[in-house]
Amino acid sequence: MDEKLKQIRDALDRIDKNIIESLAKRQEVIQQVSSLKIEEQGAIRDHEREEQLLQRITNLAREHGLDRYFAEQLYRDILDHSVRFQTHSLVDHQNKKGKQESVSVAYQGTEGAFSHQAAFRHFEERYSEVKSYGYDTFKQAADSVMKGEHNYAILPIENTTAGSINETYDILGEDNLHIVGEEVIRIIHCLLALESIPVDRIRRIMSHPQAIAQCSNFLAGLHRCKVESYIDTAMAAKKVVEDGDLSQAAIAGAHAADLYGLQILERDIANQKENFTRFVIVAPEPIHCDPQIPCKTSMLLVTGHQQGDLVGCLNILADRGINMVKLESRPKPNEPWKYQFYLDIEGNMDHPDVDAALDELRDKSSSLKILGCYPTQMGWHSDEQD
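The shown structure was predicted, so the numbers you read here are calculated from the model rather than taken from an experiment.

What counts, and where the lines are drawn
- Residues numbered from 1 in each chain as written.
- Predicted model: local features only at pLDDT ≥ 70, side-chain atom pairs only at ≥ 80, totals over all residues.
- Heavy atoms only, no water.
- Helix = DSSP H or I, 4+ residues; strand = E, 2+ residues; numbered from the N terminus.
- Rg over C-alpha atoms; globule rule 2.2 N^0.38 Å.
- Buried < 20%, exposed > 50% of the residue type's maximum accessible area, 1.4 Å probe, protein only.
- Contact = heavy atoms within 4.5 Å.
- Areas by Shrake-Rupley, 256 points an atom, 1.4 Å probe, with all protein chains shown as cover.
- Pairing = 2+ DSSP bridges.
- Axes fitted to C-alpha atoms, helices over the stretch in contact; angles between N-to-C directions.
- Salt bridge = Lys/Arg side-chain N within 4 Å of Asp/Glu carboxyl O.
- Left-handed = near helix turned anticlockwise from the far one by under 90°.
- Nonpolar A, V, L, I, M, F, W, Y, C, P; charged D, E, K, R; others polar.
- Parallel < 35°, antiparallel > 145°, perpendicular 65-115°, else oblique.
- Polar contact = N/O pair within 3.5 Å; in protein donor to acceptor, adjacent residues only side chain to side chain.
- Phe/Tyr/Trp six-rings, centres within 6.5 Å; stacked < 30°, edge-to-face > 60°.
- 1 Å grid on protein atoms, 1.4 Å probe; cavity = no way out; pocket = protein on both sides within 12 Å on 5 of 7 lines; lining within 4 Å.
- Points joined across faces, edges and corners; volume = space filled by probe spheres on them.

**Q** How would you explain the overall build of the protein if you had to name every residue and give the values?
**A** A tally of regular secondary structure across the protein gives 12 helices and 15 strands. The globule rule puts the C-alpha radius of gyration for 386 residues at 21 Å, and the 23 Å found for the protein is close to it. Viewed in the frame of its principal axes, the protein has a C-alpha envelope of about 75 × 55 × 35 Å. Counting across all 386 residues of the protein, residues that qualify as buried make up 46%. Residue pairs in contact within the protein that sit at least 24 positions apart in sequence constitute 78% of those at least 6 positions apart. As displayed, the protein offers around 20100 Å² of accessible surface, 48% of which is attributable to carbon and sulfur atoms.

**Q** So what's going on with the sheet that holds strand E7 (residues 204-207)? Residues and values would help.
**A** The strand order across the open sheet built from five strands is E8-E7-E9-E6-E10, with neighbouring strands paired in mixed fashion. Strands with a single pairing partner mark the edges of an open sheet, and in this sheet they are strand E8 (226-229) and strand E10 (263-267). Pairwise comparison of adjacent strand axes, ignoring direction, gives a mean angle of 30° for this sheet. Contacts between helix H9 (residues 233-243) and the sheet are confined to strand E6 (190-193), E7 and strand E9 (248-252), with E9 contributing the most and set at about 160° to the helix.

**Q** Account for the pattern of salt bridges, with residues named and values stated.
**A** Scanning all chains against the criterion turns up 22 salt bridges. Where Asp10 meets Lys6, a salt bridge forms, and the shortest distance between an N and an O atom there is 3.0 Å. One end of the pair, Asp10, and the other, Lys6, are both in helix H1 (residues 2-40), four residues apart, so they sit about a helical turn from each other. For the salt bridge of Asp170 with Arg330, the shortest nitrogen-to-oxygen distance reads 2.8 Å.

**Q** Residues and numbers for the packing of helix H2 (residues 47-63) against helix H3 (residues 68-94), please.
**A** Taken N-terminus to C-terminus, the directions of H2 and H3 make an angle of 145°; their axes are 9 Å apart at the nearest point. In the packing of H2 onto H3, the handedness of the crossing is right-handed. Contacts from Glu50, Leu53, Leu54, Ile57, Thr58, Ala61 and Arg62 of H2 reach H3 at Arg68, Ala71, Glu72, Tyr75, Arg76, Leu79 and Val83. A class-by-class count of the residues in the contact of H2 with H3 yields eight nonpolar, one polar and five charged.

**Q** Just give me the short version of the packing of H1 against H3, but keep the residues and values in it.
**A** Their axes nearest at 10 Å, the elements H1 and H3 cross at an angle of 40°. Between H1 and H3, the interaxial angle falls into the category oblique. The handedness of the crossing between H1 and H3 is right-handed. Contacts between H1 and H3 involve Leu23, Arg26, Gln27, Ile30, Gln31, Val33, Ser34, Lys37 and Ile38 from the first element and Ile78, Leu79, His81, Ser82, Phe85, Gln86, Ser89, Leu90 and His93 from the second.

**Q** With reference to specific residues and values, describe the pairing of strand E15 (residues 367-375).
**A** Burial analysis of E15 places seven of its nine residues in the buried class, which makes it a mostly covered element. In the sheet, strand E12 (residues 295-302) pairs with E15 via eight bridges, with the strands oriented antiparallel. From the neighbouring strand, Val302 faces E15, where its bridge partner is Ser367.

**Q** How would you explain H9 if you had to name every residue and give the values?
**A** All of the buried residues in H9 are Thr233, Ala234, Met235, Ala236, Ala237 and Val240. If you follow the buried residues of H9, they end up packed against helix H4 (114-123), E6, E7, helix H7 (209-214), E9 and helix H10 (254-260). Two to three positions downstream of the cap, the backbone nitrogen of Ala234 sits 3.0 Å from a side-chain oxygen, assigning the N-cap of H9 to Asp232. Backbone geometry just downstream of H9 places Gly244 in the positive-phi region, at approximately 65°.

**Q** Any details on the packing of aromatic side chains? Residues and values, ideally.
**A** How two aromatic rings sit relative to each other is set out by the distance from centre to centre and by the angle between their planes. Counting across every chain of the model gives three aromatic pairs. Put simply, the rings of Phe123, Tyr127 and Tyr152 touch in pairs and so form one group of aromatic residues.

**Q** Go over the layout of surface pockets with me, naming the residues and quoting the values.
**A** Rolled over the atoms, a probe with the dimensions of a water molecule shows which regions are left empty. If you add up the space inside the largest pocket, you get close to 510 Å³. Lining the largest pocket are 14 residues, with Ile19, Leu23, Arg26, Leu74 and Ile78 positioned closest to its centre. Looking at the lining of the largest pocket, the elements that each hand over two or more residues are H1 and H3. It is H1 that provides the largest number of residues to the lining of the largest pocket, a total of eight residues. For the second largest pocket, the calculated volume is near 400 Å³.

**Q** Could you give an account of the sheet that holds strand E14 (residues 339-346), naming the residues involved and the relevant values?
**A** Pairing in this open sheet of four strands is antiparallel, and the strands run E13-E14-E12-E15 from one edge to the other. The outermost strands of the open sheet, each flanked by one partner alone, are strand E13 (324-331) and E15. Each strand of the sheet is rotated relative to its neighbour by a mean of 15°, with strand direction disregarded.

Next up, the structure:
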């Protein structure tokens, strides 16, 4: 049976290789389509064409005895990726970036960290080389961009389990940086060790405090294990390797396991399985987004101190039919008991309604700082990093 099973698995490996090669060839064609649309100023999305494609795929799935729902969902993800690539290509073209050879990106952490993975996810298809530079803190990563040492910094701003990352809000409020993009990835925490040993032999686990908090239920079941905070998930994985102690483990992603040669003892150990982190990409200069691109506009708003001032500002958005997708309050630096509000709205600031609403907000508020207008990430529910 072992030999027969091996033959079947070898056949599966060959099929998987063919699937990846076909997807790579498809992407090459998408690049040609994108270039032609930019040259002829065509629309990124053709919804009629997409529906025809999905209908053809479901018919093909039926003919070959494949689950039609599975095939349709798979191709929706493929279409989302195509739109994402074309959106980035158009933004780069209109902001005179074009096809460049390399890009330099700062992030907090070390190689293999989730921020590191998000940086490559965002830039890898757009540049021939992505040069990444890890820093100990978010502020150091942001400052390196302000100093002109790197093109961009990528900063986590919120997690579906742990909530908002306040340090990033403070950096955006204080520094003269602009949000030029976003990246949302699924976080899959794994327990990593030097060898495949029983979990009950582990006596010490290290990871970033947020990862520890997100895996608290799993860790509560390890009664003879000491849990310690570490500066970064990937650094914790690297520490396990450096110490060479079989009783130690780290909570990090599977990418860190591959990078540092560790074994995965347990996979997907977070309390909530739907665990996503949203990152923002920041740069010294803002970008312009074509009207056809679905956008977010982010801002910092400081209201007056009269009753109903905040409600009055929010009503300006509602009256213009503008959807607010996030509202976060933060203490105003150096002014005790005063607050500023971080807002995300759906809409391009060049759209007449959004532009008019922003003008009204400037008049109504004590201050308004536009943090950036940038493409909303498409199809993010299918993106996964582990």
